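Below, each chain spelled out in residue letters.
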Amino acid sequence: MFNPPLGKPWLLYVLLGTSLALNLVMVLDRPSSPDGETEAEAVAAAAEATAEPAPVASLAPVAPAAPVALPDGWQITKADVDHSLARTLQNAAGEQGDALAAAYARLFVWELDLRRDLQKGDQVEVIWRPHPESVVEVLAARYHSRKLGTTLEAWKWQAPGEPFAVYWDSTGRGVERRLMGGPIQRYEQITALLKDRPTHKGMDFKAPVGTEVLAPASGTVTRTNWNWTANGNCMELQLDDGHLVKLLHLAENKVEAGSRITKGQVIALSGNTGRSTAPHLHYELHKGDKVVDPLDYHKLEQQQLTGATLEAFKVEQLRLAAMLDGSLALR
Ligand SMILES: [Zn+2]
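Just so it is clear, the model here is predicted, and its values are computed rather than measured. (Residues numbered from 1 in each chain as written. Predicted model: local features only at pLDDT ≥ 70, side-chain atom pairs only at ≥ 80, totals over all residues.)

> Explain the packing of helix α3 (residues 85–93) against helix α4 (residues 97–108) here, please?
Geometry of a packed helix pair, given as the angle between the helix axes and the separation of the axes. Direction vectors running N to C along α3 and α4 enclose 130°, while the axes themselves pass 8 Å from each other. The angle between α3 and α4 places the two elements in the oblique class. As α3 packs across α4, the resulting crossing turns out to be right-handed. Judged by residue contacts, Leu85, Ala86, Leu89, Gln90, Ala92 and Ala93 of α3 engage Gly97, Asp98, Leu100, Ala101, Tyr104 and Ala105 from α4. A breakdown of the residues in the contact of α3 with α4 according to their chemical character gives nine nonpolar, two polar and one charged. (Axes fitted to C-alpha atoms, helices over the stretch in contact; angles between N-to-C directions. Helix = DSSP H or I, 4+ residues; strand = E, 2+ residues; numbered from the N terminus. Parallel < 35°, antiparallel > 145°, perpendicular 65-115°, else oblique. Left-handed = near helix turned anticlockwise from the far one by under 90°. Contact = placed C-beta atoms within 7 Å. Nonpolar A, V, L, I, M, F, W, Y, C, P; charged D, E, K, R; others polar.)

So this is what it looks like as structure tokens:
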């Protein structure tokens, strides 16, 4: 029979063992690539952040409720923010909660620092469904922010003639910021920002293989296709303004090392080559030995729907709002 000597040191071993096992799981869970490109991870770190408690509640709390089933597999989840966005949505949406938190956080990253700005009393509302590529798809979302004193909104809608459905607020303004003069015009979503992960030095644009990649400024192509295993087809540009550009995971290079390029020229097609798990363009900027955030280098713009397009959007937006509000009876 096992007799623990001197109190209960075996308990300590059990705890240490458990802690070690958890650490191992966390280490193994990390992306192995320096340019780890999984869809959900980009803002997962932000979603893990802690909410600061605040003393006054301005909204009626949401009663805990099972997700509401809608056609086509869509579900409605509503919850009061508890501790962090990730924990909130884990509690409210079960095993898909982490993926949902990452997709949700990406929508509002432009307005809110989800590491710092969550407050007790904030509320999330989202229409979503699981996606075959293990990424959650969000149809509509609201965030009631006590810090901002307002409700952020994102309604997914595809404008006529546009290649992708993207997110708009209820006034028809594009939720996601766009880089003016950026290296890609036709993309679905920015799936990684520089600030998401310190190990990842670029911005990622989700775009189908074969999308045109443009020179962000005039300059010279300095090299192509170095370190193919990691970068795939790739291109380095020395811009005349002193910045260095790296474009990775290309399907095809359209210019050779040594070529002069002019702003807006098509220089490559985006792809999914090298260490990349989904079609996207990786865009990296350097000045000297410093990494430059493309959000600082480029002017930013938001799209704005107008006229008949805005009217068509409002029809869909009101439909989605009615879906989201239809479950208010749960409160
Ligand atoms: Zn990247």
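That shown, we press on.
> Whenever I open this one, the confidence of the model for the protein confuses me. Can you help?
Low pLDDT means the predicted coordinates in that region are not meant to be read closely. For the protein, per-residue confidence averages 83 on the pLDDT scale, and residues scoring 70 or more make up 77% of the total. Below a pLDDT of 50 lies the segment residues 1–9, which in the model reaches two contacts outside its immediate sequence neighbourhood of four places, other chains included. In this model, residues 327–331 is a region of pLDDT below 50 whose contacts with residues beyond four sequence positions or in other chains number eight contacts. (pLDDT = per-residue confidence, 0-100.)

> Would you mind going over the pairing of strand β9 (residues 203–206) with me for this structure?
Consecutive side chains of a regular strand alternate in pointing toward one face of the sheet and then the other. Alternating residues of β9 divide into Met203 and Phe205 and Asp204 and Lys206, and every residue in both groups is buried. Bridge count for strand β8 (residues 189–192) against β9 is three bridges, and the pairing is antiparallel. Bridge pairing links Ala192 to Asp204 in β9. Relative to strand β16 (residues 280–287), β9 runs antiparallel, the two being bridged by four bridges. Directly across from Asp204, in β16, lies its bridge partner His282. (Buried ≥ 20, exposed ≤ 12 C-beta atoms within 10 Å, placed from the backbone. Pairing = 2+ DSSP bridges.)

> How should I be thinking about the environment of Glu162 in this particular structure?
With respect to the helices, strands and loops of the structure, Glu162 is situated in the loop between β5 (150–157) and β6 (166–168). Overall, Glu162 belongs to the exposed group, with 12 C-beta atoms counted inside 10 Å. The spacing of Glu162 and Arg186 is 24 residues in sequence and 8.9 Å in space, taken between C-alpha atoms.

> Help me out: how do you make sense of the nonpolar core in this one?
If you look at soluble globular proteins, the nonpolar side chains tend to sit buried side by side. Leu85, Leu89, Leu100, Tyr104, Val138 and Leu247 are the most contacted members of the largest nonpolar core, which has 63 residues in total. The element contributing the most residues to this core is α4, with nine residues. (Core = buried A, V, L, I, M, F, W, Y, C linked by C-beta atoms within 7 Å.)

> Would you explain α4 in this entry?
Side chains three or four residues apart in an α-helix point the same way, a direct result of the helix having 3.6 residues per turn. Spanning 12 residues, α4 covers 17 Å between terminal C-alpha atoms, matching the ideal 16 Å at 1.5 Å per step. Along α4, 12 of the 12 residues are buried, which leaves the element largely enclosed by surrounding structure. Within the span of α4, buried status applies to Gly97, Asp98, Ala99, Leu100, Ala101, Ala102, Ala103, Tyr104, Ala105, Arg106, Leu107 and Phe108. (Expected span 1.5 Å × (residues − 1).)

> Where do I start with unusual backbone geometry in this structure?
Trans is the prevailing form of peptide bonds, just as negative phi is the prevailing case for residues other than glycine. Residues other than glycine seldom take positive phi values, yet Asn225 does so here, at roughly 55°. Along the chain, Asn225 falls in the loop between β11 (219–224) and α5 (228–231).

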